[in-house]
Amino acid sequence: MRWRWGEKTGCLLRLLPIFLLGLIAAVVAVWVWRHESWYLAIDQFGYLTFARDLAEGRVFHDWEPARFISHGVARGQKIDVLAQTYVLADGRLYCRYAPGFPLLLAAALRLGGEIGVHLVNPLAMAGLVLVLGALSTRLFRSAWSGLVTAILLVLLPNYLLLWSISPLRDVPAHAIALLGLFLVLPLPETTPRRLGVLRTVGAGLLLGYAVSIRPDAVFYGVPAALLALSWRPRQLAPLLAGALACVLGASPLLAYNALVTGNPFRPTQAMEIEEILSRFSGSLLPLSDALSPSPAVAAASDVAVARGAMSEAAEAERQKMLVQGGGLKLAHLDATLPANLNLIAVVLGPFLVVLLLVGAVAALLRPSLALLVLPYLALTIPFFSLWSRPDIRYLAGSLILLPLLIVEGGRTLTELPSRLSFKFGRVGCFATAALVVGLVGRMAFFEPPGAGARQLVAWTVAAAVAASTLLGAWRHKRGGWAFSLLCGLGLTLVFADRTLEGIETRGSFQQAQVERARTTVGKLLPANALVLTSTRIGRPLENLEHYAGISTIYLEEAQRWGVSPGRFARNIIDHEMRPFLLLRAADARAWLSSRQVLPFFEGRIVAEIPASRARDVFVARRQSAGGVPLVLVEVLRRPKPLID
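What counts, and at which threshold
Residues numbered from 1 in each chain as written. Predicted model: local features only at pLDDT ≥ 70, side-chain atom pairs only at ≥ 80, totals over all residues. Heavy atoms only, no water. Helix = DSSP H or I, 4+ residues; strand = E, 2+ residues; numbered from the N terminus. Buried < 20%, exposed > 50% of the residue type's maximum accessible area, 1.4 Å probe, protein only. Contact = heavy atoms within 4.5 Å. Areas by Shrake-Rupley, 256 points an atom, 1.4 Å probe, with all protein chains shown as cover. Core = buried A, V, L, I, M, F, W, Y, C linked by side-chain atoms within 4.5 Å. Pairing = 2+ DSSP bridges. Axes fitted to C-alpha atoms, helices over the stretch in contact; angles between N-to-C directions. Phe/Tyr/Trp six-rings, centres within 6.5 Å; stacked < 30°, edge-to-face > 60°. Lys NZ or Arg CZ within 6 Å of the ring centre and 35° of its normal. Patch = residues over 30% accessible without salt bridge, like charges linked within 9 Å, V, L, I, M, F, W, Y side chains within 5 Å. Salt bridge = Lys/Arg side-chain N within 4 Å of Asp/Glu carboxyl O. Left-handed = near helix turned anticlockwise from the far one by under 90°. Nonpolar A, V, L, I, M, F, W, Y, C, P; charged D, E, K, R; others polar. pLDDT = per-residue confidence, 0-100. Right-handed = clockwise from strand over helix to strand, strands pointing away.

Caption draft 1: Region of the structure containing the overall build of the protein. Per the secondary structure count, the protein includes 25 helices and eight strands. Each of the 644 residues in the protein was classed as buried or not, and the buried ones make up 54%. Taking contacts inside the protein between residues at least 6 apart in sequence as the whole, the part at least 24 apart equals 80%. Surface summary for the protein: the accessible area is close to 28000 Å², and the carbon and sulfur share equals 64%.

Caption draft 2: View of the side chain of S484. Mapping S484 onto the fold places it in helix 20 (residues 480-499). Accessibility expressed as a relative area gives 0% for S484, which makes it buried. Not counting residues up to four positions away in its chain, the partners in contact with S484 are S142, W144, S145, V148 and R411.

Caption draft 3: Looking closely at the nonpolar core. M125 and V461 are the most contacted members of the largest nonpolar core, which has 180 residues in total. Sorting elements by how many residues they give to this core places helix 18 (residues 396-445) first, with 13 residues. Discounting residues that sit within four places of it in the chain, M125 has contacts with V28, V32, L153, L160, L161, S164 and V171.

Caption draft 4: Summary view of the sheet that holds strand 4 (residues 529-533). If you walk across this open sheet you meet the five strands as 5-4-6-8-7, and the pairing is mixed. Pairing within the sheet leaves two strands with one partner each, and these edge strands are strand 5 (551-554) and strand 7 (601-609). Between one strand axis and the next, the sheet turns by 25° as a mean value, whatever way the strands run. Here strand 4 runs beside strand 5; their pairing, made up of four bridges, is parallel.

Caption draft 5: Examining the packing of aromatic side chains more closely. Evaluation of the coordinates by the stated rule reveals 15 aromatic pairs. Taking 4.7 Å as the distance between ring centres and 50° as the angle between the ring planes, the aromatic pair formed by Y47 and Y97 counts as tilted. Linking Y47 in helix 2 (residues 42-55) with Y97 in the loop between strand 3 (92-95) and helix 4 (100-117), this pair joins segments that are 50 residues apart in sequence. Ring geometry for Y220 versus Y376: centroids 4.3 Å apart, planes at 20°, classification stacked. You can see Y220 sitting in the loop between helix 9 (197-213) and helix 10 (221-229) and its partner Y376 sitting in helix 17 (residues 367-384), a full 156 residues away along the chain. Y220 gets classed as buried once you look at its relative accessible area, which sits at 1%. Through a chain of ring-to-ring contacts, three or more aromatic side chains come together here, namely F219, F383, F384, W387 and Y394. The aromatic ring of F182 is capped on one face by R138, whose charged end is 4.3 Å from the ring centroid.

Caption draft 6: Geometry of the pairing of strand 6 (residues 578-583). Most of strand 6 sits out of view: five of its six residues are buried. Summarising the sheet, strand 4 and strand 6 pair through five bridges and their orientation is parallel. Bridging across to strand 6, L532 finds its partner in L581. Note: strand 6 against strand 8 (residues 630-637), four bridges, orientation antiparallel. Its bridge partner being in strand 8, L583 is matched across the sheet by V631.

Caption draft 7: Inspection of a nonpolar patch on the surface at higher detail. Among the surface-exposed residues, V222, L226, L229 and L379 lie close enough to one another that they form a single nonpolar patch of about 260 Å² accessible area. Sorting elements by how many residues they give to the nonpolar patch places helix 10 first, with three residues. Judged by its relative accessible area of 33%, L379 falls in the partly exposed class.

Caption draft 8: Highlighting helix 24 (residues 565-574). The element helix 24 is largely enclosed, with a buried count of seven among its 10 residues. Regarding helix 24, the residues found buried are P565, G566, R567, F568, A569, N571 and I572. Directly after helix 24, the chain includes E576, whose backbone phi takes a positive value near 60°.

Caption draft 9: Broad picture of the sheet that holds strand 1 (residues 79-81). With antiparallel pairing, the three strands of this open sheet are ordered in space as 1-2-3. Sheet topology places strand 1 and strand 3 at the edges, where each strand pairs with a single neighbour. Adjacent strand axes in the sheet meet at a mean angle of 35°, parallel and antiparallel pairs treated alike. Pairing geometry for strand 2 (residues 86-89) and strand 3, over four bridges, is antiparallel. Across the sheet, A89 pairs through a bridge with R92, a residue of strand 3.

Caption draft 10: The arrangement of the packing of helix 5 (residues 120-140) against helix 6 (residues 143-155) in detail. Running from N to C, helix 5 and helix 6 cross one another at 140°; their axes reach a closest spacing of 7 Å. In this structure, the crossing between helix 5 and helix 6 has a hand that is right-handed. Contacts between helix 5 and helix 6 involve M125, L128, V129, L132, G133, S136, T137 and F140 from the first element and A143, S145, G146, T149, A150, L153 and V154 from the second. Of the residues in the contact of helix 5 with helix 6, the class split is nine nonpolar, six polar and no charged.

Caption draft 11: Main features of the confidence of the model for the protein. Chain-level statistics for the protein give a pLDDT mean of 86 and a share of 84% at 70 or above. Confidence drops under pLDDT 50 across residues 278-310; counting only partners more than four residues distant or on other chains, this segment forms 49 contacts.

Caption draft 12: Inspection of the pairing of strand 5 at higher detail. Across the two faces of strand 5 the burial is the same, with S551 and I553 and T552 and Y554 all buried. Note that the unit made of strand 4, helix 22 (residues 540-548) and strand 5 has a crossover that is right-handed.

Caption draft 13: Structural context of unusual backbone geometry. Of the consecutive residues R232 and P233, the connecting peptide bond is found in the cis state with omega at -5°. Of note, P233 is situated in the loop between helix 10 and helix 11 (236-249). We note that L82 has phi near 50°; this positive angle belongs to a residue other than glycine. Its location among the elements puts L82 in the loop between strand 1 and strand 2. A relative accessible area of 0% places L82 in the buried class. A positive phi angle is found at A83, which is not glycine, with a value near 60°. Overall, the relative accessible area of 8% leaves A83 in the buried class.

Caption draft 14: Representation of the environment of L377. Of note, L377 is situated in helix 17. Judged by its relative accessible area of 12%, L377 falls in the buried class. Residues L377 and L402, 25 residues apart in the sequence, show an inter-C-alpha distance of 8.9 Å. Apart from the residues lying within four places of it in its own chain, the contact partners of L377 are P382, S398, L402 and L405.

In structure tokens form, the structure reads like this:
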């Protein structure tokens, strides 16, 4: 009877972490779904617009204002439009972003409409939790370790959940890439097998498609190749099949690059890396006032175009102004690398940073873990430190993999006493255990508060390390399994406490708000309207364009084109469109009273929009939750100019 009870207990302990992992993934998906916002910012608009075009069988975007912008401004050159999500070149608009994620959104749009689009990231986040848990389970041969790794991913303030509550490509790209790595991760030594062709083909397709979503996912190719080469016996056929499959998986990106840039290996965002070796780190164009364009910029542009006498240097500077890029430069490394490392430290906190460092050293004795994590970290953290500013979003892949090293660090500390007991005996084992517990307790006691549940996570992990270290010393066994078990149970309770209480919360801008704003805008604006607005009041362009189909231009972007407001208004009207200003009242008056506008145009107030109704015209601003008071003004040509 005792044997049966022990057998049942062992079975329960093996199945419980798998059940909890699946439950947590499901809860995460529901949480993301309920918190998802329908309000669009720059990237979300770019992906959704591209997806809508792909769903309708188009690659290039059809935008009415492009017809006069390309003739009156670009002069055959490239120019940023639509909040820098699209580039206008030779009369065609193409999206800056890679096509992989828009293709996923297009498929979801065809299958489930707008609701289907908003299901993509909740499912992707749940998939990421499951894949990381599976990777950890295979690496440590413990489902409890997989559970701990997955919960750390969710509870640490790494912003992955935040990036999942709107249509962004980060989580899907990393989830797909990690699934590819899982396929080539060597199996436990107890079940040796050959690396098969089907396994490498599946991994190659997934890794290639991850590159089609985020081109920087190519960095996952290094650990993938190293893991594939670590299988014994080594065979050439699976490796070649995997490489060809990777190219096939990346074919959407390669085809899109070839169509748009003429070179399959020149990405549409190549402007970001063209000056990577440059030491110049200054601003290309200082913008002093977005609502009243610099007279010097406008005058220089108009005179140069009129005379047709721009020098090559001036032309190059104008192109930099029209198409923003060059964000990656070697000059940024000195300042951005320490800042990025500090961001990682802020996410983890001091105690988990120590476990991370211990785990990184210990990983050298676990080849699969070392090959999976260390090359990727060594490549991506310095690369993204070439960016002009530290940005935690670019470190997402590193933040996803770091919990693996934290788990390894925790297991290593708990096993240290039993490892040393063979050399120093029972007394040395207890002395080492006491030292580990003392150091862990001291670090946990002084753990500073952090964002989200960081401090509570650190205390839970520290308690698991201390308890399992003492247990391992007492039973004269390694405490790694006990650490995973205790930490998994403790973190599950933390997850339940911090996540379930807010699961009924809904994002403030949902489908109902979209429909109300569509109706309001439809009553206020004609079909041929062109709205001139500003990022100072929120992100109205992205939402007016996507949800209401109203052509919209940010005045800040128009300023970079170097066209005076008066000339711009004249171009709009000459092309049978009706210009409207959607601004604060003071900003609208300032624009209408500028010397380029006042003599030739006048404004007619269409609506005064109180702050409480700003969302009804797709205006929301995080800094002012109560809304922004606005006016909607139609810009009309004066019957008779005030000056000759």
